[in-house]
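Observations on the three-dimensional arrangement
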Amino acid sequence: MPAIAGYAVQHTLWSHSAIDRPRPDVLRGDTTCDVAIVGAGFTGLTAAVRLAEAGKRVIVLDADVLGAGASGVNAGFVVPNFAKADPDAVLAKLGDERGNRLLLAVGSSADDLFDLIRSKSIDCDAEQTGWLHVAHDDASAELLRARARSWQALGRPIQYLDEQGARARTAARHCRGGLFDPSGGMLNPLGLVYGLARLARGAGVVIKERAAVSSATRADNGWVLDVGGHSVRAQTVLLCTNGSTLGLARLLGRLVVPLRVYQIATAPLPSSVAERIAPFRNPLADTRANLFTCRLDRDNRLISGGMAVLPIGAERRMALSISRRLARELGLASAPEVEFVWRGTAAVTRDFLPHIYRLGEDFFGAIGCNGRGIAVPSVVGRALADKVLQGFGCATPIPDMEPRVSFGLVAAIAPSLVVAQGLWKDRRSR
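To keep things clear, this report deals only with the structure shown in the data block. Starting afresh in each chain, residues are numbered from 1 along the sequence in its written order. In keeping with the predicted nature of the model, local features appear solely for residues at pLDDT of at least 70, side-chain atom pairs appear and are counted solely at 80 or more, and the whole-chain, interface and lining totals rest on all residues. Side-chain descriptors were evaluated using all non-hydrogen atoms of the structure, hydrogens and water having been removed beforehand.

Here we look at helix α5 (residues 109-119)
With a 1.4 Å probe rolled over the protein chains alone, any residue whose accessible area is under 20% of its type maximum counts as buried; one over 50% counts as exposed, and the rest are partly exposed. Here a strand is any run of E in DSSP of at least two residues, a helix any run of H or I of at least four, and the numbering for each starts at the N terminus. Turning to α5, its buried residues number three or more, namely Ser 109, Ala 110, Leu 113, Phe 114 and Ile 117. Seen end-on, α5 carries its buried residues on one side only, within an arc spanning 125°. Between two residues, a contact is recorded if the distance between any of their heavy atoms is within 4.5 Å. Tucked into the core, α5 has its buried residues touching β6 (77-78), α4 (87-107), β10 (185-186), α8 (189-202) and α12 (375-390). Note that the arc is defined by the directions from the helix axis to the C-beta atoms.

Here's the deal with the packing of aromatic side chains
Planes of paired rings set the category: under 30 degrees apart is stacked, over 60 is edge-to-face and the rest tilted, where pairs are Phe, Tyr or Trp rings (Trp by its six-membered ring) whose centres lie within 6.5 Å. A full pass over the atoms with the stated rule returns four aromatic pairs. Between Phe 77 and Trp 131, the ring centres sit 6.0 Å apart and the planes meet at 85°, which makes this aromatic pair edge-to-face. Residue Phe 77 is located in strand β6, and its partner Trp 131 is located in strand β7 (residues 131-134); the two are separated by 54 residues in the primary sequence. Of the two residues examined, Phe 77 and Trp 131, each falls in the buried class. Just above the ring of Phe 180 sits the side chain of Arg 169; from NZ or CZ to the centre is 4.0 Å. Over a ring means this: the NZ of a Lys or the CZ of an Arg is within 6 Å of the ring centre and within 35 degrees of the ring normal. Positioned above the aromatic ring of Phe 392 is the side chain of Lys 387, whose terminal nitrogen or guanidinium carbon lies 4.6 Å from the ring centre.

A closer look at the nonpolar core
Counting residues in each nonpolar core, the largest one holds 76 residues, and the members touching the most others are Ile 37, Leu 192 and Leu 238. Tallying contributions element by element places α12 first for this core, with eight residues. Once residues lying within four places of it in the same chain are set aside, the contact partners of Leu 238 are Val 35, Ala 36, Ile 37, Val 38, Ala 47, Leu 51, Phe 364, Leu 384 and Val 388. Grouped together as the second largest cluster of nonpolar side chains are 26 residues, Ile 264, Leu 302, Ala 319 and Leu 332 included. For the purposes of this section, nonpolar cores are sets of buried Ala, Val, Leu, Ile, Met, Phe, Trp, Tyr and Cys residues that join through side-chain atoms within 4.5 Å.

Regarding empty space enclosed by the protein
Points on a 1 Å grid, built from protein atoms alone, make a cavity when a 1.4 Å probe fits but cannot get out and make a pocket when they are open with protein on both sides within 12 Å along at least 5 of 7 lines; residues with an atom within 4 Å of a point are the lining residues. Grid points are joined across faces, edges and corners, and a volume is the space filled by probe spheres set on the points. Using the criterion set out here, one finds two cavities of 30 Å³ or more in the structure. Roughly 50 Å³ of internal volume is contained in the largest cavity. Taken together, Trp 14, Ser 17, Asp 125, Glu 127, Asn 188, Arg 295, Asp 297 and Arg 298 make up the lining of the largest cavity. Put simply, Ala, Val, Leu, Ile, Met, Phe, Trp, Tyr, Cys and Pro go in the nonpolar bin, Asp, Glu, Lys and Arg in the charged bin, and everything else, Gly too, in the polar bin. A class-by-class count of the residues in the lining of the largest cavity yields one nonpolar, two polar and five charged. There is about 30 Å³ of room inside the second largest cavity. As for the second largest cavity, its lining consists of Ile 277, Ala 278, Asn 282, Leu 284, Cys 294, Arg 295, Leu 296 and Leu 302. The leading source of residues in the lining of the second largest cavity is strand β17 (residues 293-296), at three residues. Residues of the lining of the second largest cavity, tallied by class, amount to six nonpolar, one polar and one charged.

Observations regarding unusual backbone geometry
At Asp 125, a position not held by glycine, the phi torsion is positive, near 55°. Structurally, Asp 125 is set in the loop between α5 and β7. In this structure, Phe 352 is a non-glycine residue whose phi angle is positive, near 65°. When you line up the elements, Phe 352 lands in the loop between β19 (338-348) and β20 (355-360).

A few points about the environment of Ala 249
Topologically, Ala 249 is positioned in the loop between β14 (230-239) and α9 (250-253). On the basis of relative accessible area, Ala 249 is assigned to the buried category, the value being 5%. When the C-alpha atoms of Ala 249 and Gly 177 are compared, they prove to be 41 Å apart, with 72 residues separating the residues in sequence.

Brief notes about the pattern of salt bridges
Each reported salt bridge corresponds to a side-chain nitrogen of Lys or Arg within 4 Å of a carboxyl oxygen of Asp or Glu. The tally for this structure, following the rule as stated, stands at 27 salt bridges. Linking Arg 145 and Glu 142 is a salt bridge whose minimum nitrogen-to-oxygen distance equals 3.5 Å. Here Glu 142 and Arg 145 lie together in helix α6 (residues 138-153), a separation of three residues that amounts to about one turn. For Glu 142, a relative accessible area of 46% translates into the label partly exposed. Put simply, Arg 301 and Glu 339 hold a salt bridge, and the shortest N to O gap is 2.9 Å. Of this pair, Arg 301 sits in the loop between β17 and β18 (302-306) while Glu 339 sits in strand β19, and the two are 38 residues apart along the sequence. Taking the relative accessible area as the measure of exposure, Glu 339 reaches 37% and is therefore partly exposed. Salt bridges linked by common partners bring Asp 125, Asp 297, Arg 298, Asp 299, Arg 301 and Glu 339 together as one network.

Quick look at the sheet that holds β18
Two strands form a pair only when DSSP identifies at least two bridges running between them. Taken in spatial order, the eight strands line up as β8-β9-β7-β16-β17-β18-β15-β19 in an open sheet, and their pairing is mixed. A single partner strand is all that each edge strand has here, and the edge strands are β8 (159-161) and β19. Direction aside, the axes of adjacent strands within the sheet are offset by 20° on average. Sheet strands touched by α6: β7, β8 and β9 (178-181). Its angle to β8, the strand with the most contacts, is close to 160°. Packed on one face of the sheet, helix α11 (residues 314-330) meets β15 (257-266), β17, β18 and β19 and runs near 65° to β15. A fitted line through C-alpha atoms serves as each axis, taken over the contacting stretch for helices, and the angle formed by two N-to-C directions is quoted from 0 to 180°.

No statement about biological role is implied by the geometric values presented.
Listed below in structure tokens is the structure:
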């Protein structure tokens, strides 16, 4: 994995299969714009398109190459809900007006994204086959049943499936029922990054790769960004850098716990095995603390992931562990051969909700997709753009929050604690 600007470009399933990579420019001198967006992932590119279509001159700066960050290295699950926050909990925290605004936007996020992919002919192997959340025991089945009722009350076409109905959709061993959202699905995330970048460039956005921003200084009613010795002057700055803590990104990265997730893709399975495992090709996750996830790609590779208690040198160890777990959970004759293994970072907030932060005058950032990093960023990106177009005080679906360092040194060891606690809780429940 060759190092670029302090990062590492990984060879993933997505880099192997995504096509037509756009060729953005390298920053070679000083420049000016209306809005500088730091981070060329789903959030930043979505905001860029919306702003450019509104007539703003936009430059997107990425420290690495397109898709090297979280947007290009996740598992490709399109999930229009929250990993840990039920609708009732969101309403209790934010109140009816703000809570419903967030829930309705997130609930429709998958439909909105797949509609965009179809209307703009984005080539990213998109399959809107639905999302299945599997209950691993009776208590979890009741939890998902209540969650389904809450989403149904908001007008979402969510179904609760009894054990027989859920087992008709998956070969998962631990299955007592499931929540099914027909608007969810899966795609090649790097292909989506490329597609959004092409849309942005078509709208007039300038995208610069290998343009790490080290600092931002307030000057002349705007901002001056230091980009490797060059300067970018902008009226407004948007920070869309997920859990990175390099350079300017540390302003957001210190607000979350970064969970390192390892993903694998197996060799393609025979079609008969793929049809038995997922007859309707819906991706899924279960309700265990050490959750099990899986999906198929276009060639019937199995994709799954997990977190390591000890992250040092974990790629080979996790590849074997995840492959063996796939065999156990799905009733495979043997552990499937692993063709690709890679890692990414999920940024987790204290309340498991995304937030927009005011980091200075005309300087906004957003973070906290909490493992829902494909559908939710489209909502976050549009909300950030509206903050620029209408002012920070405008009402958007994403709640505003003061930038408060929540975790400090705990963030360094939190991922290992999360994994260890999950394994302990699952053993105890068995």
